[in-house]
Amino acid sequence: MADVFVLGVRHHGPGSARAVGEALAELRPDAVLIEGAPELDAVAALAGRADMVPPVAGLVYAVDEPRRSAFYPLADFSPEWVALRWALAQHRPVRFCDLPAANSLALDVADRAPVGEDPIGTLAATASYDDPERWWEDVIEHRFHGLEIFAAVTEAMTALRPADGTDEHNERREAAMRKAIRSTISGGAGRVAVVCGAWHAPALLPEAFPTVAADNARLKGLPKLKVAATWVPWTSALLARRSGYGAGVDAPGWYRHLATAPDAAPTRFLVKTARLLRDRGHDVSPAATVEAVRLADGLASLRGRPGPGLGEVLDAAEAALAGGSPVPLRLIADELLVGHDIGSVPDDTPMVPLARDLARAQRRLRLPASAAVKPLELDLRRDTDRQRSQLLHRLAVLRIDWGQPAETGRTRGTFKEGWVLQWHPSFEVALVEASARGTTIESAATATLTDAAAASTDPGDVAALVEEALLAELPAALKAVTATLADRAARQRDTVRLMAAVEPLARTRRYGNVRQVDTEAVAPVLVGLLTRVAVGLPAAVAAVDDDGAAGLADLVDSVDRAVGLLNDPALRRPWLSALRAVADQRGVHGLLAGRAVRVLLDSGALDVGDVQRRLSRALSPAEDAARAAAWVEGFLTGDASLLLHDPALLAVVDEWVTDVRGDVFDEVLPVLRRTFAAFAAPDRRALGSHLRRSEQGGGPDAGDETLDRERAARVLPRLRELLGAPTP
């Protein structure tokens, strides 16, 4: 009979990893089995390469439905990684044992959190330990040695497991593991080491094996998918428990120090803490760092521990490096306890062509993937930066949001563009999904936009795709989507839907030269849209409710911005004529009438006197108060400059608000509050000051004792000269 040694471990536990390495060196087994999807056997040999740097994850996905996928993360402090590297270095057969991913993905249980996902953590918590690694050292390593460690763990797990078995999914998994053990033994291995989660250890002892028939019955008739396996880079953040990973750990940053330099882990951890605090402006001297190391050792001695654990080094850091305050450590907790590490895989790791094309582009453009948040500012006049922007926009088309447009620093129509980059391993699955649409980023993005346009019936949605094609610099997609838009616009009779398409097209037409993309095909479509919008607008604004009016007001602003961008008098004239028709039309919702008047005033199509008359008429006592309030909202939306610089308009609004009947005031108050609350705080204060002076009988400058008119008169001639204003 073969000897089977079951090494029950804590996933991603440095103590378990250290014990597994020592046990394998002592046992020198003929074969090693590791808990994990057996499909990973095909790529296991890559783990022995020097250019495979953890954290990494095995990825198994359904070939025909890549969204069905499962990751199997490994870090340098994972016992499974230690076992895999040992077997490959010693040229021992190594294979993964678990329920095949082909079955678990078909059953939709690949991502289910297993029962007893951290039993060692459970034991540690029961013993009042806040860190499972500290419990492992105190209770396991200091009381047991060598293989005794795993015998003790198995005994503890036997006590924890229910007598009537675990759930059905785990029973299937353990049946598959036992099947792999039997197969390895029948293959001639005399000594087999099995590295598995501690929870499964009692079920994998040969003396506890059920019959072969019983295990086969559990695995019979399971659904199955066609799957593929590979390795992908992983991140330390995704090893953390807070990421939602069921087998995650609280402090992967600390665990990495324990795995790579166990004797120097406290020192390295505190040195990193000092550096991070200094980077954030805290005064931390080398002497304070030395004192923190000494304090951590002293705390360990006081607490009866053989060496400092995470609790000791954090207490020492707070006392010696942070001045006794927990706040500085909270500011660096993410980088200190979790980190931004990202692994790497060999270039010849199996990849879909699309992923390989992205890898080439990343190297060519010097844009390495990083788990840390990285700001990126691009100057589109530089060829490299323009190609970087092109790549990020094309990935966005594929819904691979490696880059997010920055909130600041990005200006349309200029050569400046800001991004925030952060790589996530889930993008690897998105690349597999997108590979069905092309073998390169360009071809996949082109197909994605073309297909999306063909599937859409709304001109506004198609127009947004036109803009995406421009930003991603996809000429073939731009041509195809523009043709689709022309067709959809010709079929669309709803003016509101046509209005939504105007601004994206105007931006495409206006800024195409920045992207070096020919947008001539967009021009006739845009002219046709604007013409139809101008003709249809008066009918579109009739008989709309409050919600419809709010949406239309936004669209009026959108179309007006588009007309302003194009700066074409031939397009502006019919648009302003349509707005004048709306302003003059009886029965139009007050919000739309007021907005039309404001746009006409800003464009110079109405003078101030005409606007005053319209405002007075809209706010006359004969008008409905609710409609008048909506008119004011539409007219004043944006800023308070009109009221601040035109006392006559302010007086009309003030008089109307004063004369609103008490029984109606509560009805119009929310609209007025919404209108004036949108003004900047200094503008609201200035309005109040103007009104107070008016009540006192003076003009806008009355009562302002800080105004020295004699000194002001000295600079007026030069101001007129600078502004080109005529001399009065």
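Just above sits the structure.
Here goes a summary of the coordinates provided. (Residues numbered from 1 in each chain as written. Predicted model: local features only at pLDDT ≥ 70, side-chain atom pairs only at ≥ 80, totals over all residues. Heavy atoms only, no water.)

### Quick look at the packing of helix 25 (residues 608-618) against helix 26 (residues 625-636)
No. 1: Two elements in contact, helix 25 and helix 26, have axes whose closest approach is 9 Å; the angle formed by their N-to-C orientations is 150°. Comparing their axes, helix 26 and helix 25 come out roughly antiparallel. Counted together, Val611, Arg614, Leu615 and Ala618 of helix 25 and Ala628, Trp631 and Phe635 of helix 26 form the full contact between these two elements. (Axes fitted to C-alpha atoms, helices over the stretch in contact; angles between N-to-C directions. Helix = DSSP H or I, 4+ residues; strand = E, 2+ residues; numbered from the N terminus. Parallel < 35°, antiparallel > 145°, perpendicular 65-115°, else oblique. Contact = heavy atoms within 4.5 Å.)

### Some points on the packing of helix 18 (residues 459-471) against helix 19 (residues 475-491)
Any two packed helices are characterised by how steeply their axes cross, that is the angle between the axes, and by the distance between the axes.
No. 1: Between helix 18 and helix 19, whose axes approach to 9 Å, the crossing angle comes to 165°. Here helix 18 is positioned roughly antiparallel relative to helix 19, judged by the angle of their axes. The interaxial crossing formed by helix 18 with helix 19 has left-handed handedness. From helix 18, Pro459, Val462, Ala463, Leu465, Val466, Ala469 and Leu470 reach across to helix 19, where they touch Ala477, Leu478, Val481, Thr482, Thr484, Leu485, Arg488 and Ala489. (Left-handed = near helix turned anticlockwise from the far one by under 90°.)

### With respect to the pattern of salt bridges
No. 1: The tally for this structure, following the rule as stated, stands at 41 salt bridges.
No. 2: In this structure, the salt-bridge partner of aspartate 494 is arginine 497, at a minimum N-O distance of 3.8 Å.
No. 3: Look at aspartate 494 and you get partly exposed, because its relative accessible area is 31%.
No. 4: Linked through salt bridges whose partners overlap, the residues forming this network are Glu171, Arg178, Arg182, Asp215 and Arg218. (Salt bridge = Lys/Arg side-chain N within 4 Å of Asp/Glu carboxyl O. Buried < 20%, exposed > 50% of the residue type's maximum accessible area, 1.4 Å probe, protein only.)

### Some words on the environment of valine 20
No. 1: Along the chain, valine 20 falls in helix 1 (residues 14-27).
No. 2: Placed 191 residues apart in sequence, valine 20 and threonine 211 show a C-alpha to C-alpha distance of 29 Å.
No. 3: Once you skip the residues sitting within four places of it in the chain, valine 20 turns out to touch Val9, Pro79, Val82, Ala83, Phe150 and Val195.

### Here's the deal with the sheet that holds strand 5 (residues 94-97)
No. 1: In space, the 4 strands of this open sheet follow the order 1-6-2-5, with parallel pairing throughout. Every interior strand has two partners, whereas the edge strands, strand 1 (3-9) and strand 5, have only one. Put simply, the sheet's adjacent strands are angled 20° from each other on average, direction ignored.
No. 2: Two elements, strand 2 (residues 31-35) and strand 6 (residues 191-197), share 4 bridges in a ladder whose sense is parallel. Along strand 6, the bridge assignment pairs alanine 31 with valine 192.
No. 3: Most of the contacts of helix 1 go to strand 1, to which it runs at about 165°, and overall it touches strand 1, strand 2 and strand 6. (Pairing = 2+ DSSP bridges.)

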